[in-house]
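# Structural overview for review
Now for the letters of each chain:
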Amino acid sequence: MVDYEALQAKVQELAERAWDVPALEAKIRRLAAEGIPRKKLDPKEMLANKEQILDRVQRRAEEYNFILKNCAQGTALALMEEFGLGNIEIIKALTPFPGVGGTGEICGGITGSLITFGLYFGSDDRLDYEAMNRTILNAQRFMASFEGEIGHIYCADIIEKVILGHRLNPGESEEAMITFTNEKGFEKCGLPPGIGARLAARLIIDSMK
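First, a word on what this report is: a plain description of the structure on this page. Computed from a predicted model, the values in this text were never measured in an experiment. (Residues numbered from 1 in each chain as written. Predicted model: local features only at pLDDT ≥ 70, side-chain atom pairs only at ≥ 80, totals over all residues. Heavy atoms only, no water.)

### A look at the overall build of the chain
Assigned secondary structure in the chain consists of 13 helices and zero strands. Its C-alpha atoms give the chain a radius of gyration of 16 Å, within 12% of the compact-globule value 17 Å for 209 residues. In terms of overall dimensions, the chain has a C-alpha envelope of 45 × 40 × 35 Å along the principal axes. Across the chain, the fraction of contacts at a sequence separation of at least 24, relative to all contacts at a separation of at least 6, is 73%. (Helix = DSSP H or I, 4+ residues; strand = E, 2+ residues; numbered from the N terminus. Rg over C-alpha atoms; globule rule 2.2 N^0.38 Å. Contact = heavy atoms within 4.5 Å.)

### Re the pattern of salt bridges
Going through the model one piece at a time under the given rule, you end up with 17 salt bridges. With its nearest N and O atoms 3.0 Å apart, the salt bridge here joins K10 to E13. Here K10 pairs with E13, and both are found in helix α1 (residues 4–16), just three residues apart, close to one helical turn. For K10, a relative accessible area of 23% gives the class partly exposed. For R56, the salt bridge is made with E82, and the minimal N-O distance between the two is 2.8 Å. Residue R56 is located in helix α4 (residues 50–68), and its partner E82 is located in helix α5 (residues 71–83); the two are separated by 26 residues in the primary sequence. A relative accessible area of 29% places R56 in the partly exposed class. (Salt bridge = Lys/Arg side-chain N within 4 Å of Asp/Glu carboxyl O. Buried < 20%, exposed > 50% of the residue type's maximum accessible area, 1.4 Å probe, protein only.)

### A short note on helix α10 (residues 155–163)
Of all the positions in α10, only C155, A156, I158, I159, V162 and I163 are classed as buried. Here the buried face of α10 lies against α1, α7 (99–102), α9 (129–150), α11 (174–182), α12 (185–188) and α13 (191–206).

### Overview of the packing of aromatic side chains
The final tally for this structure, using the stated rule, is seven aromatic pairs. Centre to centre, the rings of F117 and F142 are 5.4 Å apart; their planes meet at 90°, and the pair counts as edge-to-face. With F117 in helix α8 (residues 108–121) and F142 in helix α9, this residue pair connects regions lying 25 residues apart in the sequence. Take F117 and F142: they sit in the same class, and that class is buried. The interplanar angle of 85° and the centroid separation of 5.0 Å between the aromatic rings of F180 and F186 together place this pair among those described as edge-to-face. Each member of the aromatic cluster is reached from another via a ring pair, and the members are F83, F117, Y120, F121, F142 and F146. (Phe/Tyr/Trp six-rings, centres within 6.5 Å; stacked < 30°, edge-to-face > 60°.)

Structure below.
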């Protein structure tokens, strides 16, 4: 059962958070200039420190969503940085993905996570159907857990039922975007990227067992 009371408390915390904009902007510029650092992942270490990693990736997804004003990019960047995956070109490619082109469809907290699953679970061999099937199964598990946590998978529904309390698609017009911004939508919408990145990271780490 979705704990809407806890979700609302988190939304309020995000709305009131003091965001270190200069530090976040500097971090984004550094990643853009230097690239996403590669990592040699130690499964034992990651399993032992799982909760710390999950807290970190959730916080980063919230912060990156706020500074980038893009939930898909924020989610993916937090995960890709944590696991040493991909490159900034992938983040650039995610530019139109919040609500799938601003249509209110699938949340960027999902699409950003699915991109990361492709990088982590996928194979360089395009004919590796086993890897493809494994990636899709993990994506399905993730999407079910995301919906179980938030109650919805579509951007418009999440904004209405969890984030703002009323129907608003910020991508439909300039006026809608102004309203969304004035209602601290970018701050509050750190919720789905944070939860999505946390759930995705947990699934990746658990797969290391």
